[in-house]
Amino acid sequence: MTTVAEARGGGEGTRTPYALSHLDALESEAVHIFREVAGEFENPVVLFSGGKDSIVMLHLALKAFAPAAVPFALLHVDTGHNFPEVLDYRDRAVARHGLRLHVASVQDYIDRGVLKERPDGTRNPLQTLPLTERIAAERFDAVFGGGRRDEEKARAKERVFSLRDEFSQWDPRRQRPELWNLYNGRHAPGEHVRVFPLSNWTELDVWQYIAREGIELPQIYFAHEREVFRRSGMWLTAGEWGGPRDDESVEKRLVRYRTVGDMSCTGAVDSDAVTLEQVITEIAASRLTERGATRADDKLSEAAMEDRKREGYF
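Because the structure is a prediction, the values reported are computed rather than measured.

## Comments concerning the sheet that holds strand 3 (residues 101–105)
Each strand in a sheet pairs with its neighbour through backbone hydrogen bonds, running either in the same direction (parallel) or in the opposite one (antiparallel). Within the open sheet, the six strands sit side by side as 3-2-1-4-6-5. Their pairing is mixed. This sheet does not close on itself; its edge strands, each paired only once, are strand 3 and strand 5 (161–164). Averaged over all pairs of adjacent strands, the angle between strand axes in this sheet comes to 30°, irrespective of strand direction. When strand 4 (residues 142–144) meets strand 6 (residues 192–195), the two strands line up parallel, connected through three bridges. Paired with Val-143 across the two strands is Arg-194, which belongs to strand 6. With respect to the sheet, helix 6 (residues 128–138) is in contact with strand 1 (44–47), strand 2 (73–78), strand 3, strand 4 and strand 6, its orientation differing from that of strand 3 by roughly 135°.

## Overview of the nonpolar core
Formed by 61 residues in total, the largest nonpolar core has its most connected members in Phe-34, Val-56, Phe-144, Phe-161 and Trp-207. The residue makeup of this core includes at least three contributed by each of domain 1 (4–204 + 305–311) and domain 2 (218–299). Beyond its immediate chain neighbours, meaning those up to four positions away, Val-56 contacts Leu-198, Trp-201, Val-206, Tyr-209, Ile-210 and Ile-215. Formed by 15 residues, the second largest nonpolar core is a distinct cluster that contains Val-45, Ala-104, Tyr-109 and Leu-115.

## Here we look at the packing of helix 3 (residues 52–65) against helix 8 (residues 203–213)
A packed helix pair is summarised by two numbers, namely the angle formed by the two axes and the spacing between the axes. At a closest axis distance of 11 Å, the pairing of helix 3 and helix 8 adopts a crossing angle of 55°. Compared by their axis directions, helix 3 and helix 8 come out oblique. In this structure, helix 3 meets helix 8 at a crossing whose hand is left-handed. When helix 3 is examined against helix 8, the residues Lys-52, Asp-53, Val-56, His-59, Leu-60 and Lys-63 are found in contact with a partner set consisting of Glu-203, Val-206, Trp-207, Tyr-209, Ile-210 and Glu-213. When grouped by side-chain class, the residues that make up the contact of helix 3 with helix 8 number six nonpolar, one polar and five charged.

## A few points about the pattern of salt bridges
One pass over the structure, following the stated rule, counts 23 salt bridges. A salt bridge links Arg-212 to Asp-24; its shortest N-O distance comes to 2.6 Å. Placement of the pair is Arg-212 in helix 8 and Asp-24 in helix 2 (residues 22–40), with a sequence separation of 188 residues. A relative accessible area of 36% places Arg-212 in the partly exposed class. Across the pair Glu-248 and Arg-231 runs a salt bridge whose closest N-O atoms are separated by 2.8 Å. With Glu-248 in the loop between strand 8 (234–237) and strand 9 (250–256) and Arg-231 in strand 7 (residues 224–231), the pair connects residues that are 17 residues apart, well separated along the chain. Accessibility assignment for this pair places Glu-248 and Arg-231 in one class, buried.

Cut-offs applied
Residues numbered from 1 in each chain as written. Predicted model: local features only at pLDDT ≥ 70, side-chain atom pairs only at ≥ 80, totals over all residues. Heavy atoms only, no water. Pairing = 2+ DSSP bridges. Helix = DSSP H or I, 4+ residues; strand = E, 2+ residues; numbered from the N terminus. Axes fitted to C-alpha atoms, helices over the stretch in contact; angles between N-to-C directions. Contact = heavy atoms within 4.5 Å. Core = buried A, V, L, I, M, F, W, Y, C linked by side-chain atoms within 4.5 Å. Buried < 20%, exposed > 50% of the residue type's maximum accessible area, 1.4 Å probe, protein only. Domains from an automatic or database assignment. Parallel < 35°, antiparallel > 145°, perpendicular 65-115°, else oblique. Left-handed = near helix turned anticlockwise from the far one by under 90°. Nonpolar A, V, L, I, M, F, W, Y, C, P; charged D, E, K, R; others polar. Salt bridge = Lys/Arg side-chain N within 4 Å of Asp/Glu carboxyl O.

Structure, rendered in structure tokens:
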């Protein structure tokens, strides 16, 4: 029997079965999902914040449709408390690839009196209304998110195609079966589908893929000196959002961020990892998920994320 290697001219010692690496398989699945959405939906949009997961998601979308342009716009819900380094990356990426960017501003809703600042200063839970209203106003029928099942238990419940009702609400009981990579995008007028191409990826997969593809990231993801203060077991960046308090002292530390969100609820971790290889080694040794270690908004209650997702949060 002739092997693949022999058919290609390889010798006896080069017999290897044809197989995708785990990163190739994940990439192939994500590209398939992007193309499936392009074929099934009329007006999709990609959530893009300039964080590492949305950066990988954009990279995959560019691959899925190359050499043509990405047939989707981008959407960012700007809390007004985002890290400047990440916003700068977002704008440079949009300009580099000639993309359209929609920005839904939490600050606009606060200025109009529609939303009120929270006592703890965090605006992450305030993103839901600007997001859902922009989806309705632009009539987006599919919204790509960078959520992964390994991040948090509520996200582990999500399907790749996750139906939202006419109020953008999520009901875990309405989850549809997804067998053999068959995705059901059927939805009624006013409803839409959240789509998660990175569902089956882990944090380590994301970093290994970034290293393999040579993807540029904001420097906030690598070790750097930063003025931070301690709150609820996390190192937070001082800012106009309300930190530090009188009893909290600021100190300069060598830190990096594993995940990036609102400055008021995203903590840094002590780290000396300044290269991709060092970050990958650090992540491989970690026993805490990135959100479990550094996101205060997920610690408000046992079901904090699921409660927000039911209301329309991504």
